[in-house]
Structure formats: C-alpha cells, structure tokens
Amino acid sequence: MSKQVKFTIDGTQVTAPEGMGVVDAAKMAGIDIPVFCHHPKLEPVGMCRMCLVEIGRPMRDRATGQFVIENGAPKIQFLPKLETACTNKVEEGMVVLTQTQSGKAKDGQKGTVEFLLTSHPLDCPICDKGGECPLQNLTMAHGPGKSRFIYDEKLRLGKRVPLGELIVLDQERCIQCARCVRFQDEIAGEPVIGFAERGRAMQIVSFSDPGFDSVFSGNTTDICPVGALTTVDFRFEARPWELEAAASICTQCPVGCNTTLNTRREAKAGGDFVVKRVMPRQNEEVNEIWICDKGRFAHHYTDSKKRLIKPLFRKDKKLTRASWDAATKLAADHFLAAKKDFLILASGRLANEDLFNLKSLADLSGGKAYLYSHMGGGELTSLVGVSNGTNFGSMGKGNTIIVVASDLYEEAPIWYLRVKQAAERGATLIVLNPRETKLERFATHALRYDYGDEAKFVHDLGKKGKVGEAFTSAENVIILFGSEGLGAAGTASLASACAKLLNDNGFVGKPNNGLIGVWERANDQGAWEIGFHVEEDLAKALKGKAIYIVGADPVADDPKLAKALGGAEFIAVQDVMETETTEIADVVLPAQAFTEREGTLTSGERRVQRFYPAVPPTGDSKPDFSITSQIARHMGIILEGTLVSAVFDILSDSIKSFEGLNYARLAEVKEQLPIVGRGDLYYGGTTYENTQGLGAHLSAAATRGETVSIPRVHASREAAPHPKEKELLAVPINKLYDRGTTVLASDLLHERIGDARVALHPETAKRLGFEEGQMVNVSFNGTSGDAVVRLDESISHGIALVPRSMGIAIREPVPVKVRSKVKA
Amino acid sequence: MLLKKYPKEVQQILSKYPPEGKRSAVMPLLFLAQREEGYVNKAAMQDIAKILDITETDVASIVRFYTLYHDKKAGKYHMQVCTDLPCALRGAEEFLDALCDNLGIEVGETTSDRFLTLEAVTCLAACDKAPMFQTQGPDGIKYHENMNVDKTMGLISVLKKSVT
Amino acid sequence: MSHILLRHREIPDINNLNVYTKNGGFAAFKNAVTKMKPNEVTDVVKNSGLRGRGGAGFPTGMKWSFIDNKNWPHYVVANADESEPGTFKDREIMEGNPFQFLEGLALASYAVGANVAYVYLRGEFWELGAVLDQKIVEMEEAGYLGDKLFGTDYSLRIYNHLGAGAYICGEETALLESLEGKRGQPRVRPPFPPAVGLYGKPTIINNVETFANVPMILANGAEWYKSIGTSDSAGVKIFSLSGRVRKPGNYELPFGTTFRDLIYKHGGGVQDSRTVKAIMPAGASSSLIPVDDKVLDTPMDYATVRTLGADLGSASIIVIDDTVSMKWLINKTVHFFKHESCGKCTPCREGTYWMSHLTEDLQHNGSTGDVDLLLNVAKQMQGKCLCALGEFATMAVVTGIERFRKDFDNEVRA
Ligand SMILES: Cc1cc2nc3c(=O)[nH]c(=O)nc-3n(C[C@H](O)[C@H](O)[C@H](O)COP(=O)(O)O)c2cc1C
Ligand code: SF4
Ligand code: FES
C-alpha cells in the first residue's frame, strides 16, 4: 500500500494516500468539492476551475529546509491565489479550506458557475440530462442567484450535431470540460473526437469515418456533466426521474459487464414497463464504470416485434397455438421415444440454471447435451481458468497477459480496455495473431503466425527469444485465447497448448493466473462448467434425432446445419424470438428474455453474477429452466426447484467449482473506489452504484487441491487445409456488430453492422481482379454466399477473412472459390 | 499522396523529432500539404494522420486551432493586415479601410478573381513598421512593412504577374 | 555605447558566419565545451544576474540549475514565438545577429546537457525560419553543431520548428504542447518544464533575447555583465518602442534608463508633439501607467517599474498619447485576448467573451453601469485562470478603468 499522509480539510484531520488529488481525498473523507472537468478515472487537467479552494502548506525555512514552527505547530503558508483541488496532490501537513469554510473559495466557485452559464442555453426543461445534471445541481448549490449576462445575442449553436450515428452533440450545452475527449484518448485509446477552434469558439468534433468510430462512445454520455452528449437511443425518450432501475448483466459477450436497466411505463407498450436505456453499474473487477456500445444499444431485441408470445405446435404442417401443457407434452413424448437419440443443443445465451436443468435432463433421460458454439477448449478453462482474486484492474508490472487468436476489441471490448490499461500500468502484453489487431498498439510484443499454426506457435512460445523470456520470467501469466481462424477442433487444441504452457510453468491456481476463453456468448463458460461439450461434426450428430434446441438459430447460421435438421426426427425450439429455426420446428416454446427474469451467468473470468427482472414477461413466455422442468415432468423426470435460486442451490451442490455459492453470497457488495452513482453525479457520472451484488469467482481445480493434468496437444488436427490453385483459404473472424439475433433486432446498430463482406489483401484482390466494394460470390463445400470485397493490408496473401454471423457460414478455415458476381 | 510527392521533405521533417515525438511533425507536414492548394484538404489530413499514426480528428483539430492553416479554399493569397493595438495607434485601421475601398471587398472577403483574401490579424511583431501586412501564398509567408495603399496595389499587380 | 545584442548595427554582415567568428563568435562556446564543466557555465550565468527576457524576469542561471539530472535526455527550447503586441525584438536579433542567439542556445544546451535543442518560431517568421535553417547548416559545416564537437564527447543538434499562428504558444507549456504536435493549450504547473517538459523530459525554455546575452556573458565574465544596468536588473535590455512616438523601434539600453530618455532621447518624442498620457510597458498584456513627470523620470528595471503598479515584462513600451480614447484601447486589447484565448479554462474562455461584449457596447451605447460590470467581470477572472493569458486579458481593463475612470464616465451614458 502506498504511503499515507495526514492533512486537514475544513478543520478535520484526514489520512489519504500520498499523491492523491485533493478532490479525491476529500471525497473519501466525505467532503464534496464541486468539479466539472475532473473525473476520478481521468488524469486531472484543471480546466474548468470549479474546484477552487484555498490551500496552505507548512512553511519551510529556506536555509535549513526544516518546517517553521510557530506556537508549537508548523506555520502554514497560504498562496494568495485560489488553487484547483483537482490538480493539487495531498501533502503531509497540508491545510485545505473548501467552499464551506472559505468565502474566497465560495466566491471563486460562484464566479466559475456564472462564467459557465453565460454561454449555456439553460434549456433544462427539454434536456435529457435534466434531473441528473451536474451543472444543474452545482448551479443550485454553488451558483449565483441570477445572471448578469443579459445579452440577447447569447451564443446560438447547433442543437443537434451528430458526432456519429449513435451520439448527438448539443453545442450550446457543452461546457468544454473535455471529459469525453479525454475518455476517448486516455481510457479508450481512440482519440476520434476532439476540439476544433479555440477560445469561446471551441467545439467538439469528430472527423473519423464513420463518425465517432469507437465502440466505447456511449460512455461519454455518462460522464458528460451536462446534456451536451446524448445517445440516439435515449434522446428525448424519457426524463431521468421517471425511470425505475433494475440490476442486470450484459449478455452480449463473455465479459459480463454489470449494468442497470432503466425502465418506464410506456403508452406505446400498452402501459407496460419497457427498457429505456442500459447503463453501466460499477464493478471495479469486471467493467469498472464502463460498458461498450453493443451492450448499451443491442438490448432492443428484447422488445422486438418478433418476440415469441405463445407456445406453438405444428398442425397440418402449420405452426399453431398450443397450451403450455400440450406443447411440452408433445415434445416430451418425442424425446422419450427417441431414447438415446434425444439430443439437446443449447447455447451460452442461457443462464446457469437453464443450462443445469438441460444437462440434468439429458443425463437422466440418457440423451446427449451439446453446447452450440464454434469454440472448444472449455474443459480446460474449467480446469485452469482464472479464479478468486483475479482482476485486470490490479495488473501491472509483474503481470504478463497473452492474447492469442483473438481480436479483443471486436470480441470483448471491455477486456480490450482493461488489458490495454494493464499494459499501460506496466504489464507485459503479448499479442499473437496472424494479422494486426487494435490491441497491438499497446503490446510489448506482437508476433505473427500463419493460420493453422496457432497451437504449435503457443507450444513453442517459451523458446521464442525475448518473448519467451518475458513469459518464463513473469510472476503471473494470463492467457486469453479466441477463435480467430479456428473452429471447434482448432480452438480445442489451441486451448490445450495454452493450458499446458500455463500449467507446466506454474501459472495456475493463483490470482491473476490462468486461462480465459474469449467465448462467443455470455455464458459459454457456465455451460462448460456444468458439463456441456461441443460436438465437432454437429451436422452429422443431428441426423435423425429428436432435438431440443434452446437459445440458438442453427438454420440461419449454417446451411449445412439447416440441411441436417431437415433430416431430424423431431425438433422443439425454445427461444425468445422467431428465428429461421423456429420456422422448421415441430414445437416452439417462448422463453423470457433476460430483462424479464432472474438468473445467473458465468463470465469468461469465471465470475458468477446475478441478473434481476426489470420488466414483466412478454406474452406467455416462461424462464428457460422452468420450461425444461415442465418437459422433464412429462418425461417422468423430476427436476427439483421451482424457484431459480433453488435450482442454483442444487447446481452449486452438484458442481464442484460452484461449491459454497448461493444467491445471497452473489448479492454481496463492498465499498468500491472511486465512489460513484450516489446523489453526487457530478463526480463519477451517471454510472450506477452497485448495491445488488458483485458476484463471486468459481473455484479452480488447483486451488481445490486437485492435481491437474493437461492432455497432449494433437498436432495433426491443427493445421489449416491447403487451398488449391485458384482457391483462397477462408478464415472466420469475429466482429462485434454482426447479424446475430440479439444484435440485428436493434435498428440503431445497422449502419455499423454493414453488409456481408470478405476482406482480402490488396495484392490478392488484384491477382483475382477484384476491387474494393465489388460484389463477389464465395463458395465452398457445396454452399455459397454473396459478399462485398474489402481491402485490408494487414491480411496475408491468399487469405480471405470472413466475419462470422455475417451471412457466410464459415465455422473453421476452409478453401473457398471467390468469383466475381456479374453486375445486375 | 504527400509521402509520394514529397518523400524527401517528409523524411527530413520526421528526422527532426525523436521516435516517441513523431507526432511533432504534424505542423510542418500541414505546412507542406498546404503548399498544394493553399489549404489543407481532407485527403491531406488523412495522409498526415496515416504517416504519424494519429487520427484524422487529431489532425483536423490542429488545423482548426492555428490561424495559419486553412481548411477551406480562399484566394490564392491571404493578405493579412495587422490591426492590433500598436499598429492601430499608427494608422493601420485607416490603411485597411482604404485598402477595402480600393479592392472593393470587405475584410474577410475574397476578390472576385479569387486572387486575394483580405484579413485583419493580430500582432505580427512589426509594430514599428506599421502599416504592415503579411501575404500567405504559394511562396510562403512574406512581410510587407511601412506600407501604403499605392505600394500595396503595386505589390498586388506584381504578384499577379508572377503567378500567371 | 556600442551594442551587446544588436551588434549588427555596428558590425556589417555579422549574420555571416565568417564575420561573426572574426568578431569573437563561438569562442565562448568552444571554450565552454572544451574547458568548462556544464555546471560552471550555469554558475557564470547565475552570477551575472541575467534574468529571463521573455516577460517574467526569472533568473536564468537559477532556472538552468533546476534541470532534473535524474531523468534523461534533456532538451533546450528557444522561445521565438514573439507574439505579444508591441514586441518585435527577437525578430531583429534573429535577423541581424542570428549566430549570437544560436551560440547562446548552444551554450545553454551544453550547460544542461542537452543534445537536441529546438527553436520554436512563430509561423509568421517563415522567411526567417528558412534563413535560420541555413545558418544551422553553416554551423554544422563549421563544426559548431553535430557529433563530438571540438573533439569532445559532446554532441548537439538544433532544429527549427514553426508555429502556426497562436499567441498562446508563447506560454512555455503551451509551446511544448504545440511542439509535440498538439493544440497549443497550457499544461497544469507544477511540474515545471525543468522537471517535466518536452516529451515528458526535463527541458529549459528561454527567450531568444535571453540566449543572445549568454555568449557575451561567457566571453566577458559575470562581473562585467553585472556592472551594467541596476542592482535589481543586470545588463542591457532591448526596449521595443511603439505607439505614438516619432521613431518607433528597438533600443538596446542598460536597465535603469528612464522612460523619458527612451521616449524623447531615443524615440524622438511623441507624434505631433502631443503629451504622453499613458504607458503600457509590457505590450498589450500590460497595466496602464498614467504618466506624469515623475513617471517619465522613473528608471526602467523590474523592481522600480513595479512601484508604478505595472510589470516591465518583455519591455515592449507602447506609448499612448492624449488623443487616444481609453474605451477604444481596452476594446482593442480585449479583442486580442478573446481571439487568442486557447479556450481551455472557463474564466478566460468565457470572461474574454463576456468582456468583449461589454467593451464593444461601450463603443456605441454603454453606460457607467456597464463599466462597473466590466470591471467586476475582469476582477472575477483574476487569480482563477489556468495560465497567465487570462490574467493578461484583464490588466488593461482593470487598470484602464481604475486609473482613468473619468475618461470612461465622460464618454458613456450615466
Ligand atoms: C500568454 C503568454 C505568452 C507568452 N509569450 C511569450 C513569447 O512570445 N516569447 C517569450 O519569450 N516568452 C513568452 N512568454 C513567457 C514564457 O512563458 C516563458 O516565461 C519564457 O519563454 C521564459 O523565458 P525567459 O526565462 O528567458 O524569459 C509568454 C507567457 C505567456 C503567459
Ligand atoms: S487562461 Fe486562457 S489561454 Fe490560459 S489556459 Fe485558460 S483559456 Fe487558455
Ligand atoms: S479545474 Fe478542477 S475540477 Fe475542473
């Protein structure tokens, strides 16, 4: 712990870490010094001049350097000018007088508010920030009663200036505090918004293309201390004081960001509660006070018109309404009859409790349960995954973080952000990928390998000179592995190479060590812990079975799977929305969205976290776990637990890594710094305080005292196929904004999703006679799809990058033919 | 484009700064780019951003902080008359008025032949030689001191000849 | 007396390297690099009493001794941004006697162990920049710059860097930001540049005129320099004289010269033989000194001018005669600062904007109430801005109104 110093603020003696800013130290002592530009997560800049205070320091004798003593105490010398409490650091013996004790400070702050208001439109009645606005609040508390600036020609500026398609700037309201600009620069590392002009003409602008091109853009609206930055999602949608709040967990990626869902009764929803916005909720060990734009804006699928509201079954070849009892009975009958050929296909979109019931049903009925994912390797993250005490926020010098086969920015944005910051604090960051990714900019070492060589590359990492040394000499090592260019088999062997490397070198079973999967979905890790596996040749496995598909849309994802399902014996689909798979189902079971129910998710960092209901269920939908129980009952199998917490209790009793966990434990909170989200929005922004639970880590095999042995890597399975003449090797990559069911339903994101595309090196394109933007047809293994050509110099020759879930169903590296589409 | 057209100049500019200070080159590169058309266009900003590994927004916000960079096309020459306090005490404002009359434009406007944009600027460190102005054009920035309207009109015709 | 800084006025072609060296040029630099320890150079400058000529008058040798020797590399930066209205001395030094300035810069670099020095020139000095580039090449060719100078291990390079039109870039931390390729907005201080400067490294920044003094001090000794000027302000100063005088221009004179001598003896007196009403001794950022005979006989050095309620600053003496309207004058200065405010801090950004509304109104239809408000707004800015520009913006307004209140009352509505 850093050295503590004692200082006095408004007559009270307090202790704070040396070097802490006066504003932050005061805050810890319960004293509020008003600020606009200062934010506890950003470097102090002293711009707004709101935090003016009087500061006195013990006087030193010039000759001796000793403190001057007067009346038995050090003599305190005050500077004639007020000083900014944000930029001054606490020192031993310092004396601070804030606005409550110093008339001078009070006047200074009042002056600053008056200056700010000279250019401010004071349009609070129509401002989205009204009610949670630092400027409004601090004006009430510290500003002058009336304005002496009476010019009719008060600045008139743009009221609706889109910085991009998601964030709108009101130039009149902006107070030039630069919090947004500094957030993008310091925290996100993407300075795509900035100031133009100077003096009073200074304005926020974005020149990126597309505008405000950052997946973290929404956070700027949380820390904007006025209503200058708003999201298109919430702009003019509701007043903050009308909103209810429910704690939730983002379901878009394995990070598991803590969120708060703000809801309101809405006429257009028939007087029902709807989610009006998604806000970050503080969890310093997971997402701090940030979330990415996907998490903030993609929630609209939960109120999509395509939501399933009633159970359906097929009658005369058509899907027709059925009662819950009839629908589940029909499914149960077919599953029972299928015996060994009963197969469950479930995705990591589901909660732990849902997955546990599904797995129990498969086990008790003699069927099989597969995880619907293109990634393998979860047995290993369950074995040597990270556990208790692991926190990217605590990593710096002495920690090594390896990221392999993953573009974290696209796949798990908040991990990207936290890994970047760890690197900036001194952690050794090693990025291994066949092409350049955004994270590389912050890497200590960035190495390239060829697609197909990933497992071998990792296996030999220790021998790779400086990088090898950086690895072997590290105190703590974390490896994040992903699925760039890899299918289920490839990721499985990459995972085992990583796990072996970690295990052999002792980087397991202690805080800040272990393996993390950059999974496709929010709860893939939970599925693995509960005992799900992926089937490498899923199409083959599906043939002729009675299949229970939960939270997945294989028909839309992959023509091969669609075909295989065509030959299935019976299909029951349980989902929140109509999908291409529900269209071919024999029974359709409407499930509740995560906004409508309770449950837990296990993040990629193996943290189990609770989410809570925010809005009432849609139609007759039910939570997944209870639908499964109902089917089970018809099959003569009793799955205990009607309450979701009871299911969780059974789960934690039967699965070792969950041992000791229960809902009460997951709801525990502790004091987090910085202090945010209380009445004092001026300080941390509109991020919510976490009062509903920080969650808890699963235990790791090594900490449980189990011996861990990692299977040998199958070298034969990893190499990518060799394309023939005139073929390219197509490799799947992951894209944040894809055409997945839970993204596509949000119109807001359509511009960012874009078209189906295939990216080529300019040379490769030239050889084939393609140009940027041209339509081509990509064919392989008897399937094909159309895509637009994008050129990218960071790709190797002869490779075609194909984003997943963007229309062309490539699960693993395959040779493809790319042909030009004749223009219509 | 910039890199292709002026490889030597770009390299020479970059060589002045340490690798960690590469971004320092943004100002000289903007001057280089501005030589082309008298203003910095979007393509040039993209170019510079790429050379220096910064964002286009970074570059644009620099362009729009400093008054010697222009992001819009104006006259071939900017004629920038100092009307700051010391020059004004020595007749600079009257000089500028007379110049406007002679050119038939207002301060801030461009002549109809798009040759000249007339501007009033703050102190140019030539207070003892007022009235004075600088011209900013294809030949860089030049000072013209102890001026009067006749001398100025003469200068304009000389400049016009030199570019045609 | 012959010149110490503006030597080109006596020695033709001293901007030619041969002529400069024939007149003793670079002897001090060579002597320092080959025979003196870096801190010995600093000590000579310290003992000479040289104070910074950029405005603040900070003791130069002391500044150099603050360089953080635990953090390397070090940089030296010459502040050649010269943008204060009324200041035009650095330009004459660099045009007329460039090598003396560059030698001073080289000496400073040696003294603080910098191997790279930058000259930050205001962008308008475009032609001068090209000339200086050439002078630097000549110095490299002659062995005064480059690797292993004079057979020692010391290496030095000097580079020019052009600004692009922003007064604020004369403020040293804004200058550093600008030199780093960012918007020229001041940094929070502390830390000061000798601890954290260019690229985060210890950096010494001095004004051009400050550097130009250094070779002569090293050549002739600290005692010689101290013998010139006053006990408070050693040596000579270039006074940039402008405004309503017959012979505006730069005058290099010892500190302690009176305003009267400068204006009447050297500057040829006031235009049209009017009387001096006010003096702004430090350019547009100056306080206004109401002038009477006693003021005219005041010797100009930092301490004495302060007794008149003003700072000598960069000694850019703007002479205001009795024909000048005070409300016109403050409107001019306020517009300058409003135009040049970088916008980073609230009081300056909003205050200059507000003040300009008020001073503009005063030109046509203002009232005495507006004058009071203006005074109050200016005072509300004082002591609260992030850098001195905001403070500067208030000086003429506050001293103008307080010291010439009658003028305002006569010229505006009651
Ligand atoms: C707004 C502002 C403008 C300034 N402009 C200049 C300038 O143009 N030239 C200069 O040498 N110093 C200028 N200064 C002073 C510098 O910040 C700095 O004090 C000086 O360069 C230090 O050099 P010196 O110690 O040799 O005087 C300015 C200061 C401020 C606050
Ligand atoms: S005082 Fe003016 S120039 Fe200085 S930082 Fe503040 S806004 Fe910028
Ligand atoms: S200046 Fe301290 S909070 Fe803005």
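A quick note: this is a predicted structure, and the numbers were derived from the prediction, not measured.

Novice: Report on the interface of chain B and chain C, specifying residues and quantitative values.
Specialist: Interfaces are often described in size by the accessible area the parts lose on coming together. The interface is formed by 41 residues belonging to chain B together with 58 residues belonging to chain C. At the boundary of chain B with chain C, total buried surface from both sides reaches about 3900 Å², with 59% on carbon and sulfur atoms. The largest contributions to the chain B side of the interface with chain C come from Phe65, Leu85 and Leu89 of chain B, which together make up 18% of the buried area. At the boundary of chain B with chain C, the tally comes to 3 salt bridges. Across the pair Lys332 of chain C and Glu93 of chain B runs a salt bridge, and its minimum N-O distance is 2.8 Å. The interface formed by chain B and chain C includes 22 residue pairs in polar contact (both at pLDDT 80 or more). Broken down by secondary-structure element, the contributors of at least two residues to the side of chain B that touches chain C are helix H3 (26-37), helix H5 (56-63), helix H6 (85-88) and strand E4 (140-144) of chain B. Looking at the side of chain B that touches chain C residue by residue, the classes come out as 22 nonpolar, 9 polar and 10 charged.

Novice: Quick one: what's the story with the site of ligand 2, residue by residue and with numbers?
Specialist: In the vicinity of ligand 2, 13 residues are found, and the nearest of them are Cys342, Cys345, Cys348, Cys387 and Gly390 of chain C. Grouping the constituent residues of the shell around ligand 2 by class yields 9 nonpolar, 3 polar and 1 charged.

Novice: Report on helix H3 (residues 134-142) of chain A, specifying residues and quantitative values.
Specialist: Residue and element names in this part refer to chain A. The set of residues buried in H3 consists of Pro134, Leu135, Leu138, Thr139 and His142. Projected down its long axis, H3 shows its buried positions confined to an angular sector of 125 degrees, all on one face. Opposite the buried face of H3, by more than 90 degrees, sit the exposed residues Met140 and Ala141. Where H3 is buried, its residues meet helix H2 (103-118) and helix H23 (681-684).

Novice: Requested: an account of the nonpolar core, with residues and values cited.
Specialist: Ranked by internal contacts, the top residues of the largest apolar core, which has 204 residues, are Phe335, Ile401, Val404, Leu480 and Tyr548 of chain A. Top element by residues in this core is helix H14 (residues 488-504) of chain A. It accounts for 8 residues. Among the nonpolar cores identified, the runner-up in size contains 171 residues, and Ile141 of chain B together with Leu17, Ala212 and Leu389 of chain C belong to it.

Novice: Break down the environment of Phe58 of chain C for me, with residues and values.
Specialist: Residue and element names in this part refer to chain C. With respect to the helices, strands and loops of the structure, Phe58 is situated in the loop between helix H3 (38-48) and helix H4 (60-65). On the accessibility criterion, Phe58 (36% relative accessible area) is partly exposed. Excluding residues that lie within four positions of it along the chain, Phe58 makes contacts with Leu50, Arg51, Gly52, Lys63 and Phe66.

Novice: Mind laying out the site of ligand 1, listing which residues take part and the relevant values?
Specialist: Residues and elements named next belong to chain C. Lining the immediate environment of ligand 1, one finds 20 residues, of which Gly54, Asn79, Asn206, Asn207 and Thr210 sit closest. Within the side chain of Asn79, one N or O atom sits 2.9 Å away from an oxygen atom of ligand 1. One of the side-chain nitrogen or oxygen atoms of Asn206 is found 2.8 Å away from an oxygen atom of ligand 1. Surface burial for ligand 1 is 91%, taken as the share of its 610 Å² of free accessible area covered by protein chains. Grouping the amino acids of the shell around ligand 1 by side-chain chemistry returns 5 nonpolar, 9 polar and 6 charged. Counting only domains with at least three residues in the shell around ligand 1, you end up with domain 1 (7-226) and domain 3 (326-411).

Novice: So what's going on with the domain arrangement of chain A? Residues and values would help.
Specialist: Entries for chain A in the domain assignment read domain 1 (4-119), domain 2 (153-297), domain 3 (312-373 + 527-642), domain 4 (379-518) and domain 5 (722-820). Computed over C-alpha atoms, the centres of domain 1 of chain A and domain 4 of chain A are 43 Å apart.

Novice: Which residues make up the state of the cysteines, and what are the values?
Specialist: All names here are of chain B. According to the stated counting rule, one finds 0 disulfides over all chains in the structure shown. Of all cysteine sulfurs in the structure, the one in Cys82 sits closest to Cys100, which takes part in no disulfide; the separation is 15 Å. Residue Cys100 is classed as buried on the basis of its relative accessible area, which comes to 9%.

Novice: Describe in detail the interface of chain B and chain A, supporting the description with residues and values.
Specialist: Facing 12 residues of chain B, the contacting portion of chain A comprises 13 residues. Summing both sides of the interface, chain B and chain A together bury roughly 1100 Å²; the carbon and sulfur share of this comes to 50%. Summed over the three residues of chain B that lose the most area to chain A, namely Thr57, Arg64 and Phe65 of chain B, the buried surface amounts to 50% of that side. Where chain B meets chain A, there are 2 salt bridges. Residue Glu197 of chain A is joined to Arg64 of chain B by a salt bridge in which the shortest nitrogen-to-oxygen separation is 2.7 Å. Where chain B packs against chain A, one counts 6 residue pairs in polar contact (both at pLDDT 80 or more). Sort the elements by how many residues they give to the side of chain B that touches chain A and H5 of chain B lands first, with 5 residues.

Novice: So what about helix H16 (residues 368-381) of chain C? Which residues, and what values?
Specialist: Given 3.6 residues per turn, any residue in an α-helix points the same way as the ones three and four places further on. Taking 1.5 Å of rise per residue, the 14 residues of H16 of chain C would be expected to cover 20 Å, and the 20 Å separating its terminal C-alpha atoms lies within 8% of that figure. Here H16 of chain C lies mainly inside the structure; 10 of its 14 residues are buried. Considered for burial, the residues of H16 of chain C that qualify are Thr368, Asp370, Val371, Leu373, Leu374, Leu375, Val377, Ala378, Gln380 and Met381 of chain C. Along its buried surface, H16 of chain C packs onto H2 of chain A together with helix H14 (326-340), helix H15 (346-364), helix H17 (388-403) and helix H18 (405-411) of chain C.

Novice: Any details on the domain arrangement of chain C? Residues and values, ideally.
Specialist: All names here are of chain C. Domain boundaries in chain C define domain 1 (7-226), domain 2 (236-321) and domain 3 (326-411). Placing a centre on the C-alpha atoms of domain 1 and another on those of domain 3 gives a separation of 35 Å. With 11 residues of domain 1 in contact, the opposing surface of domain 3 contributes 10 residues. At the junction of domain 1 and domain 3, the tally comes to 3 residue pairs in polar contact (both at pLDDT 80 or more). For the side of domain 1 that touches domain 3, a count of residues per class yields 6 nonpolar, 3 polar and 2 charged.

Novice: How would you summarise the packing of helix H7 (residues 92-103) of chain B against helix H8 (residues 149-163) of chain B if you had to cite specific residues and measurements?
Specialist: Residue and element names in this part refer to chain B. In the contact formed by H7 and H8, the axes pass within 10 Å of each other and the chain directions differ by 45 degrees. On the basis of their axis angle, the class for H7 and H8 is oblique. The crossing of H7 and H8 is right-handed. For the pair H7 and H8, the contacting residues are Phe95, Ala98, Leu99, Asn102 and Leu103 in the first and Val149, Thr152, Met153 and Ile156 in the second. Of the residues assigned to the contact of H7 with H8, the class counts are 7 nonpolar, 2 polar and no charged.

Novice: For the side chain of Glu484 of chain A, give the residues involved together with the corresponding values.
Specialist: Residue and element names in this part refer to chain A. Inspection of the secondary structure assignment puts Glu484 in the loop between strand E24 (476-481) and H14. Glu484 gets classed as buried once you look at its relative accessible area, which sits at 0%. Of the polar contacts made by the side chain of Glu484, one reaches the side chain of Tyr451; its length is 2.7 Å. Sequence-distant contacts of Glu484, that is, excluding residues within four places in its chain, are made with Ala405, Ser406, Asp407, Asn433, Arg435, Tyr451, Glu454, Pro732, Ile733 and Asn734.

Novice: So, the pairing of strand E6 (residues 249-254) of chain C: which residues are in play, and what are the values?
Specialist: Where burial is concerned, most of E6 of chain C is hidden: 5 out of the 6 residues are buried. Hairpin connection between strand E5 (residues 236-243) of chain C and E6 of chain C: a loop of 5 residues separates the two successive antiparallel strands.

Novice: Before we move on, can you summarise the packing of aromatic side chains with the specific residues and values?
Specialist: Geometry of an aromatic ring pair is reported as the spacing of the ring centres plus the angle between the planes. Residues and elements named next belong to chain A. Counted according to the given criterion, the structure contains 44 aromatic pairs over all chains. For the pair Tyr416 and Phe442, a centre-to-centre distance of 6.4 Å together with 75 degrees between the ring planes defines the contact as edge-to-face. Of the two residues, Tyr416 sits in helix H11 (residues 413-424) while Phe442 sits in the loop between strand E22 (428-432) and strand E23 (445-447), which places them 26 residues apart along the sequence. Of the two residues, Tyr416 and Phe442, neither departs from the other in class, the shared state being buried. Judged by centre distance (5.8 Å) and plane angle (85 degrees), the rings of Phe481 and Trp519 are edge-to-face.

Novice: Which residues make up the sheet that holds strand E3 (residues 133-137) of chain B, and what values do they have?
Specialist: Residue and element names in this part refer to chain B. Strand order in the open sheet formed by 4 strands is E2-E1-E3-E4, and the pairing between neighbours is mixed. The sheet terminates laterally at strand E2 (116-121) and E4, the two strands that pair on one side only. When the angles between neighbouring strand axes are averaged without regard to direction, this sheet yields 20 degrees. Pairing analysis gives 5 bridges linking E3 to E4, with the strands arranged antiparallel. Paired with Gly137 across the strands is Gly140, a residue of E4.

Novice: How would you summarise the pairing of strand E29 (residues 599-602) of chain A if you had to cite specific residues and measurements?
Specialist: For a regular strand, the rule is simple: side chains alternate between the two faces of the sheet. Residue and element names in this part refer to chain A. Of the two faces of E29, the one carrying Gly599 and Leu601 and the one carrying Thr600 and Thr602 are both buried. Bridging between E29 and strand E30 (residues 607-611) involves 4 bridges; their strand directions are antiparallel. Paired with Thr602 across the bridge in E30 is Val608. In this antiparallel pair of consecutive strands, E29 and E30, the connection spans 4 residues, and Arg606 shows a positive phi of 65 degrees.

Novice: Could you give an account of the packing of H14 of chain C against H15 of chain C, naming the residues involved and the relevant values?
Specialist: Working note: a packed helix pair is described by the angle between its axes plus the distance between those axes. Residues and elements named next belong to chain C. Axis separation between H14 and H15 bottoms out at 9 Å; the angle between their running directions is 150 degrees. Taken together, the axes of H14 and H15 lie roughly antiparallel to each other. Relative to H15, the crossing made by H14 is left-handed. On the side of H14, the interface is formed by Lys327, Trp328, Ile330, Asn331, Val334, His335, Phe337 and Lys338, while H15 contributes Thr352, Tyr353, Met355, Ser356, Thr359, Glu360, Leu362 and Gln363. Residues that form the contact of H14 with H15 fall into these classes: 7 nonpolar, 6 polar and 3 charged.

Cut-off values and rules
Residues numbered from 1 in each chain as written. Chains lettered and ligands numbered in written order. Predicted model: local features only at pLDDT ≥ 70, side-chain atom pairs only at ≥ 80, totals over all residues. Heavy atoms only, no water. Contact = heavy atoms within 4.5 Å. Buried area = accessible area lost by both parts, 1.4 Å probe. Salt bridge = Lys/Arg side-chain N within 4 Å of Asp/Glu carboxyl O. Polar contact = N/O pair within 3.5 Å; in protein donor to acceptor, adjacent residues only side chain to side chain. Helix = DSSP H or I, 4+ residues; strand = E, 2+ residues; numbered from the N terminus. Nonpolar A, V, L, I, M, F, W, Y, C, P; charged D, E, K, R; others polar. Near = heavy atom within 4 Å. Buried < 20%, exposed > 50% of the residue type's maximum accessible area, 1.4 Å probe, protein only. Arc of directions from axis to C-beta. Core = buried A, V, L, I, M, F, W, Y, C linked by side-chain atoms within 4.5 Å. Areas by Shrake-Rupley, 256 points an atom, 1.4 Å probe, with all protein chains shown as cover. Domains from an automatic or database assignment. Disulfide = S-S within 2.5 Å. Expected span 1.5 Å × (residues − 1). Axes fitted to C-alpha atoms, helices over the stretch in contact; angles between N-to-C directions. Parallel < 35°, antiparallel > 145°, perpendicular 65-115°, else oblique. Left-handed = near helix turned anticlockwise from the far one by under 90°. Pairing = 2+ DSSP bridges. Phe/Tyr/Trp six-rings, centres within 6.5 Å; stacked < 30°, edge-to-face > 60°.

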